Each structure stands twice: as C-alpha cells, then as structure tokens.
Amino acid sequence: MPPDPLSAASSAPLAATPTGDDGEGSTAAPAAVEEVLTLRIALGEEVVGEVRTRFRFEVARPYEVLLTFHLGRPDEADWVFSRELLRDGLRMLSGQGDVKLWPAYCPCHGSTLHLALESPHGSALLEVSKPRVQAWLDRTYALVSEEAERACGPTDAQLAALLGGG
C-alpha cells in the first residue's frame, strides 16, 4: 500500500516553490500555498469523524482553491471552487448547489467554517477552524491580490466572443 500522502505533520504550512529552483538565495515568490488541515465530518446524528484535507492555491490559477480530502484509501476526493466563495463563506452563507459555506461558532471548537458538499455520490457536512482557514486564505491573497486576480481573467470582449461562439 502506498504511503499516506497526508501523513506529514500539518503544524507548519507549506509553500511550494516553482520547479527547477535550487532554493539557494532565491527570492522568487512561491507558486502555490498549501496546508493540510483536519476537518470534522458528520457521519451520523451523534457520530463525528475526522478527514485530513489539503488546501491548495496556485498562482497560475488565482480564481480557484483546491481541497483534497484524504479518505484513508488510495484514492482522494478533490473539490475545486472559487477563492471568492471561500472568502465570502468565512463571513456569511455563501454558495448554492453543490458547495455551501458559512461561519459558525461551536462551544467545543470555537469559531468554525462549515462546508456542505453535494455530489452524485453523496453529501458531506464538514467543519474546520475558521482562523486556520482565514490565515491560509490570507497567505493566498498575499501572493495574488483580489485586484491582480481580476486582471488575470478574460476581458469582456473575450467572454463575449467565447459565449457567442466566435
């Protein structure tokens, strides 16, 4: 059986650097921000489990965040959604359809972020430390600001051409 890809301790967040960098004297900004957090998952009315989850942001794809849920099997479940959705979900109910996020307060765990995920394979309700997610998200905005993110997208003319079939 292959080693658990998320078995490394998650006490220190990871910042990936572009490939080919020797790391000596480099001042280049990291190409990604990654951290593994433990989320609580509702497994039944009174049963709560834990699932280690990799949060990943890549500079080359500034609109999105990738969450990889390690399910204790060789396969993993990836969910990709907008960074804006995550940002908004830290403040208020955000999302519709397959992904919904909202802040909450739990007497046992303090300030939390709830994630409700739906797919053809099932649904899940997860809870994670809001301050830890906020700190990770802040690091992504330190790499690519909201203004810079907007500048990375297609122009109105490009969108019109795409949607118009041209």
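Presented here is a report on the structure given in the accompanying data block.

## Focus on the packing of aromatic side chains
Part 1 of the argument: Under the definition given, this model contains 1 aromatic pair.
Part 2 of the argument: Ring geometry for Phe55 and Trp136: centres 5.5 Å apart, planes at 65°, overall edge-to-face. Residue Phe55 is found in strand β3 (residues 48-58), and its partner Trp136 is found in helix α2 (residues 130-143); the two are separated by 81 residues along the sequence.
Part 3 of the argument: According to the relative accessible area criterion, Phe55 is buried, its value standing at 1%.
Part 4 of the argument: Overall, Trp136 belongs to the buried group, its relative accessible area being 0%.
Part 5 of the argument: Over the face of the ring belonging to Tyr141 we find Arg83, whose NZ or CZ atom lies 3.8 Å from the ring centre.

## Overview of the nonpolar core
Part 1 of the argument: Within the largest apolar cluster, 27 residues are counted, with the highest numbers of intra-cluster contacts made by Leu39 and Leu86.
Part 2 of the argument: Setting aside chain neighbours within four positions, we find Leu86 in contact with Val65, Phe81, Leu101, Leu113, Val133, Trp136 and Leu137.

## Describing α2
Part 1 of the argument: Across its 14 residues, α2 extends 20 Å between first and last C-alpha, which sits within 8% of the 20 Å expected from 1.5 Å per residue.
Part 2 of the argument: Two or three places before Arg132, at the start of α2, stands the capping residue Ser129, its side-chain oxygen 3.3 Å from that residue's backbone nitrogen.

## Concerning the pairing of strand β7 (residues 99-106)
Part 1 of the argument: Bridging between strand β6 (residues 94-96) and β7 involves 3 bridges; their strand directions are antiparallel. Of the residues in β7, the one forming a bridge with Ser94 is Leu101.
Part 2 of the argument: Relative to strand β8 (residues 110-119), β7 is paired through 8 bridges, and the arrangement is antiparallel. Bridging from a neighbouring strand, Leu101 pairs with Leu115 of β8.
Part 3 of the argument: Taken together, β7 and the strand that follows it, β8, pair antiparallel across an intervening segment of 3 residues.

## With respect to the pattern of salt bridges
Part 1 of the argument: Under the criterion given, the structure shown has 10 salt bridges.
Part 2 of the argument: Put simply, Arg87 and Glu84 hold a salt bridge, and the shortest N to O gap is 3.6 Å. With Arg87 and Glu84 both in helix α1 (residues 83-89) and 3 residues apart, the pair spans about one turn of that helix.
Part 3 of the argument: A relative accessible area of 42% means that Glu84 is categorised as partly exposed.
Part 4 of the argument: A single network of salt bridges, built from pairs that share partners, joins Glu34, Arg54, Arg56 and Glu58.

Definitions and cut-offs
Residues numbered from 1 in each chain as written. Predicted model: local features only at pLDDT ≥ 70, side-chain atom pairs only at ≥ 80, totals over all residues. Heavy atoms only, no water. Phe/Tyr/Trp six-rings, centres within 6.5 Å; stacked < 30°, edge-to-face > 60°. Helix = DSSP H or I, 4+ residues; strand = E, 2+ residues; numbered from the N terminus. Buried < 20%, exposed > 50% of the residue type's maximum accessible area, 1.4 Å probe, protein only. Lys NZ or Arg CZ within 6 Å of the ring centre and 35° of its normal. Core = buried A, V, L, I, M, F, W, Y, C linked by side-chain atoms within 4.5 Å. Contact = heavy atoms within 4.5 Å. Expected span 1.5 Å × (residues − 1). Polar contact = N/O pair within 3.5 Å; in protein donor to acceptor, adjacent residues only side chain to side chain. Pairing = 2+ DSSP bridges. Salt bridge = Lys/Arg side-chain N within 4 Å of Asp/Glu carboxyl O.

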